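One-letter residues, chain by chain:
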Amino acid sequence: MSFNKQDIYKALETITAPGEGKSLVENENITNVVTFGNEVIVDVTISNPSLQAKKKIEVEIMKAIHQHVDQKIDVKVNVKVEVQQKEKTNQIKGKEIPNIQNIIAIASGKGGVGKSTVTSNLAVTLAKMGFKVGVLDADVYGPSQHLMFDVENEKPLAVNVNGRSKMKPIENYGVKLLSLGFFTNPSQAVIWRGPMASKALNQLIFDADWGELDFLLIDLPPGTGDVHLSIVQAVPINGAVVVSTPQNIALADAKKGVAMFQQESINVPVLGIVENMAYFTPNELPDNKYYIFGQNGAKNLAEDINTAFLGEIPLVQSIREGGDVGHPVALQKNTPQEKAFDNITKEMVSQLLKRNANLPPTEVVRITTMSGCSTK
């Protein structure tokens, strides 16, 4: 039997640190490794004090060494628990995902306002502008992005990344996509409690091979709840976009959505509000605008709460049809709908740049392709 300390470290790199998306070695959980003869002693530090967590990490270390180095090695694991101290500010902060520069949450106070439609068209527009884009469909109970990108029959494959198995996102229209819709039966309801939904989302985020992304858009479920808190706890969100219609009921809920992100313990910058279904213009009367749900409601709300108004989207049949057939309307060149999403996307990126100008240097987002965006 011949092995050295480096062989042991290499085996331990195949074990993912709980909730970290990194290996035990990368996350510096392994504090010491001693080898002599056919015996190995591993000192590991974890933050979970439960007996189950200690036993699990011990078994995983033994299994990895026996599998990747030698079955006959006598492995001893010393588990130490160090509970991390809470920050004085009590602010929820997520863990950085390697190679993802921007994470933007797309939210709405209530359902039915077109949040998922806006998300898919923003993603396509960003891709057309030259950015590397991904979409995480975090609408656990009503995933729809796999339908909007016309990939409902696809299944993410498992790929080997540095010795660990990860999911490879499905790609279409230049956008990488992961959704729980790929893993659930479309004819059955998803009946999950909050912790189970949160665990599934963490897997989609950290157990995925996203590669290099300029933007990861997260399509949140409507309202405010467990999933929203899980997301802001899991990843460092650079900003949020809130979608609403002009009617008063939708605006009241949108205001609550904005307030959630602005809470002191969350403190996610709200980049602005998008007004969907702003007005209707019939084909036979192209100069007429009918404000079916009210006029300038989201625009006035943005002014009231001192948040940017990113733009308005008309109530147009082709937008609905594009989502239904899996061909976002932003792909339709030289149309008013494409122009509307172009303008909203550029304004969103401009607001993001302004926000990041005031963030600490470690959180400043690196953007290399401006494509008509301005910080003025």
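Residues numbered from 1 in each chain as written. Predicted model: local features only at pLDDT ≥ 70, side-chain atom pairs only at ≥ 80, totals over all residues. Heavy atoms only, no water.

A. Quick peek at unusual backbone geometry. If you check the backbone angles, N162 has positive phi at about 55° while not being a glycine. Judged by relative accessible area, which is 65%, N162 ranks as exposed. (Buried < 20%, exposed > 50% of the residue type's maximum accessible area, 1.4 Å probe, protein only.)

B. Structural context of the sheet that holds strand β3 (residues 74–81). Strand order in this open sheet of three strands is β1-β2-β3, and the pairing throughout is mixed. Of all strands in the sheet, those bounded by a partner on one side alone are β1 (30–36) and β3. Along the sheet, successive strands turn relative to each other by an average axial angle of 15°, direction set aside. The sheet contact formed by β1 and strand β2 (residues 39–46) spans six bridges and is antiparallel. Considered in β2, the bridge of N32 is made with D43. Running at roughly 135° to β1, helix α1 (residues 5–12) makes contact with β1 and β2 of the sheet. In this fold helix α2 (residues 51–68) packs onto β1, β2 and β3, with an angle of close to 145° to the strand it touches most, β3. (Pairing = 2+ DSSP bridges. Helix = DSSP H or I, 4+ residues; strand = E, 2+ residues; numbered from the N terminus. Axes fitted to C-alpha atoms, helices over the stretch in contact; angles between N-to-C directions. Contact = heavy atoms within 4.5 Å.)

C. Structural view of the pattern of salt bridges. Within this structure, the stated rule accounts for six salt bridges. Between E26 and R164 there is a salt bridge, with the nearest N and O atoms lying 3.0 Å from each other. Placement of the pair is E26 in the loop between α1 and β1 and R164 in strand β7 (residues 164–168), with a sequence separation of 138 residues. We classify E26 as partly exposed; its relative accessible area is 47%. The salt bridge involving K132 is made with E212; its shortest N-O contact spans 3.7 Å. On the criterion of sequence distance, the pair formed by K132 in the loop between α3 (115–128) and β5 (133–137) and E212 in the loop between α5 (194–206) and β10 (213–219) is long-range, its members being 80 residues apart. A relative accessible area of 45% means that K132 is categorised as partly exposed. The network of salt bridges with shared partners includes K115, D139 and D219. (Salt bridge = Lys/Arg side-chain N within 4 Å of Asp/Glu carboxyl O.)

D. Spatial organisation of the side chain of N276. Within the fold, N276 resides in the loop between β12 (270–275) and α8 (297–304). The exposure class of N276 is buried, given its relative accessible area of 7%. Setting aside chain neighbours within four positions, we find N276 in contact with V113, G114, V243, S244, T245, P246 and I313.

E. Local environment of the packing of helix α7 (residues 248–262) against α8. Relative orientation of the contacting elements α7 and α8 amounts to 35°, with a least axis distance of 10 Å. Where α7 crosses over α8, the two elements pack in a sense that is right-handed. On the side of α7, the interface is formed by L251, A254 and K255, while α8 contributes G297, A298 and L301. (Left-handed = near helix turned anticlockwise from the far one by under 90°.)

F. Just the layout of surface pockets, in detail. Computed from the structure, the second largest pocket encloses a volume of approximately 810 Å³. Lining the second largest pocket are 35 residues, and of these P314, L315, V316, Q317 and I319 sit closest to its centre. Elements represented by at least two residues in the lining of the second largest pocket include exactly α3, α9 (317–324) and α10 (336–356). Grouping the amino acids of the lining of the second largest pocket by side-chain chemistry returns 14 nonpolar, 13 polar and eight charged. (1 Å grid on protein atoms, 1.4 Å probe; cavity = no way out; pocket = protein on both sides within 12 Å on 5 of 7 lines; lining within 4 Å. Points joined across faces, edges and corners; volume = space filled by probe spheres on them. Nonpolar A, V, L, I, M, F, W, Y, C, P; charged D, E, K, R; others polar.)

G. Fine view of the environment of A259. Mapped onto the elements, A259 comes out in helix α7. Judged by its relative accessible area of 39%, A259 falls in the partly exposed class. Sequence separation between A259 and I305 is 46 residues, and the spatial gap between their C-alpha atoms is 9.4 Å.

H. Representation of α7 within the structure. Compared with an ideal rise of 1.5 Å per residue, which puts 15 residues at 21 Å, α7 spans 21 Å between its outermost C-alpha atoms and is within 8% of the ideal. Along α7, the residues classified as buried are A250, L251, D253, A254, G257, V258, M260 and F261. (Expected span 1.5 Å × (residues − 1).)

I. Seen up close, the sheet that holds strand β9 (residues 175–179). The sheet built from eight strands is open, its strands ordered β8-β9-β5-β10-β4-β11-β12-β13 with mixed pairing. Two strands in the sheet have a free side with no partner beyond their single neighbour: β8 (170–172) and β13 (309–312). Each neighbouring strand pair of the sheet contributes to a mean axis angle of 25°, computed without reference to strand direction. Where β5 lies against β9, five bridges are found, and the strand directions are parallel. When the bridges of β9 are listed, V135 appears paired with L177. Packing of α7 onto the sheet brings it into contact with β4 (100–107), β11 (239–244) and β12, and relative to β11 it is tilted by some 170°. Contacts from α8 reach β12 and β13, with the element oriented near 160° to β12.

J. Fine view of the packing of α1 against α2. It is the contact of α1 with α2, at a shortest axis distance of 9 Å, that shows an interaxial angle of 120°. Comparing their axes, α2 and α1 come out oblique. Considering only the axes of α1 and α2, their crossing is right-handed. Facing α1, whose interface residues are I8, A11 and L12, α2 presents I61, A64, I65 and H68. Grouping the constituent residues of the contact of α1 with α2 by class yields six nonpolar, one polar and no charged. (Parallel < 35°, antiparallel > 145°, perpendicular 65-115°, else oblique.)

K. Representation of the nonpolar core in the model. Core analysis: the biggest nonpolar cluster contains 42 residues, and I218, I231, V235 and F261 have the highest contact counts within it. Elements supplying a minimum of two residues to this core: β4, α5, β10, α6 (226–234), β11, α7, β12 and α8. Those residues in contact with I218, other than ones at most four positions away along the chain, are I103, I104, A105, I106, L136, A138, I231 and V235. Among the nonpolar cores identified, the runner-up in size contains 37 residues, and F131, A250, L310 and L352 belong to it. (Core = buried A, V, L, I, M, F, W, Y, C linked by side-chain atoms within 4.5 Å.)

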